[in-house]
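Residue-level structural notes
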Amino acid sequence: MLELYHWEPNGACARVLITLKEKGLDFKSHYVDVLAFEQHKTPFLKLSESGEVPVLVDNGTAINESSYICEYLEEVYPQNPLMPKDPLGRWAVREWQKYVDDYVGATASQLAWMHYEHAAFKTRDRAMLDK
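These numbers were taken from a predicted model, which means no experiment stands behind them. Along each chain, the written sequence defines residue order, and numbers are assigned to residues from 1. Local features in this predicted model are restricted to residues whose pLDDT is 70 or higher, and side-chain atom pairs enter the listing and the counts only when it is 80 or higher, whereas totals over whole chains, interfaces and linings include all residues. Side-chain numbers here rest on the full set of heavy atoms in the structure, without hydrogens or water.

Spatially, 4 strands are ordered 2-1-3-4 in an open sheet, and the strand pairing comes out mixed. Two strands bound the open sheet, and with one partner strand each, they are strand 2 (27-31) and strand 4 (61-64). Here the strands of the sheet are splayed against their neighbours by 20° on average, with no regard to which way each runs. The criterion for strand pairing is that DSSP finds at least two bridges linking the strands in question. Helix and strand assignments follow DSSP, with helices taken as H or I runs no shorter than four residues and strands as E runs no shorter than two, numbered in order from the N terminus. Pairing geometry for strand 1 (residues 2-6) and strand 2, over 5 bridges, is parallel. Paired with His6 across the two strands is Tyr31, which belongs to strand 2. In what follows, residue pairs with any heavy atoms lying within 4.5 Å of each other are defined as contacts. Think of each axis as a best-fit line through the C-alpha atoms, taken over the contacting stretch in the case of a helix, with angles from 0 to 180 degrees between the N-to-C directions. Across the sheet, helix 1 (residues 11-22) touches strand 1 and strand 2, and the angle it forms with strand 1 is around 155°.

Following this line, the structure appears as C-alpha cells:
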C-alpha cells in the first residue's frame with residue numbers, strides 16, 4: 001500500500017496528490033501538520049531527514065522530492081500513463097516540470113506559507129518558535 005505524507009496548501013504535495021489520483025492509485029494519506037512542526041519530530045524525520053513534505057512510502061521505502069516521486073509513480077505503476085511515449089514529448093513534460101519546480105511551485109508555496117505562518121505564529125511564544 002502506498003502511503004503519502006503531505007501538507008496543504010503546498011504545490012509540491014498537490015502535484016503528487018494529483019498524480020496519484022490521475023493514475024487511479026490507492027494510497028493512505030498522512031497529513032503532516034507543518035504549522036505544529038510535526039515535520040521536525042522523530043517519526044517524520046525517519047522518513048525525511050530534511051523534514052520536508054511530501055514523502056511517498058512504497059513497500060517500506062521512503063521517497064521524497066515531488067518531481068521524483070511523480071516520475072517514480074509513472075515508472076513503477078504504468079497504468080493510466082501520464083507521460084508521452086516519445087522522447088521529445090517526455091522532454092517537453094520535464095522542461096515544464098522544471099519550470100514549475102523552480103518558479104511556480106516555489107512561489108505558490110512561499111505565498112501560502114506567508115499567509116498561514118502569520119495566522120498560526122502570531123500568538124505563539126517566541127522562545128518556543130526559536131527552539
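Moving on from the coordinates now.
Throughout this description, the term nonpolar core refers to a set of buried Ala, Val, Leu, Ile, Met, Phe, Trp, Tyr and Cys residues connected via side-chain atoms within 4.5 Å. Relative accessibility thresholds used throughout: buried, under 20% of the residue-type maximum; exposed, over 50%; partly exposed, between the two (1.4 Å probe, protein chains only). Of all hydrophobic cores here, the largest spans 13 residues; its most connected members are Leu2, Leu4, Leu20 and Leu73. Going through the elements one at a time, strand 1, helix 1 and helix 3 (66-76) are the ones with two or more residues in this core. In this structure Leu73 touches Leu2, Thr19, Leu20, Lys23, Leu25 and Leu56, once residues within four positions along its chain are discounted.

Attention shifts here to the packing of helix 1 against helix 3. Between helix 1 and helix 3, whose axes approach to 9 Å, the crossing angle comes to 10°. As far as their axial angle goes, helix 3 and helix 1 are roughly parallel. Contact residues: helix 1 offers Ala12, Arg15, Val16, Thr19 and Leu20, while helix 3 offers Ser66, Ser67, Ile69, Cys70 and Leu73. Partitioning the contact of helix 1 with helix 3 into residue classes produces 6 nonpolar, 3 polar and 1 charged. Just so you know how the angles are binned, under 35 degrees is roughly parallel, over 145 roughly antiparallel, 65 to 115 roughly perpendicular, and the rest oblique. Residues are sorted three ways: Asp, Glu, Lys and Arg are charged, Ala, Val, Leu, Ile, Met, Phe, Trp, Tyr, Cys and Pro are nonpolar, and all the rest, Gly among them, are polar.

Moving on, we come to the pairing of strand 3 (residues 55-58). Judged by which residues are buried, strand 3 turns out to be covered on both faces: Val55 and Val57 on one side and Leu56 and Asp58 on the other are all buried. Direction of pairing for strand 1 relative to strand 3: antiparallel, over a ladder of 3 bridges. Paired with Tyr5 across the strands is Val55, a residue of strand 3.

Coordinates in, geometry out; function isn't part of it.
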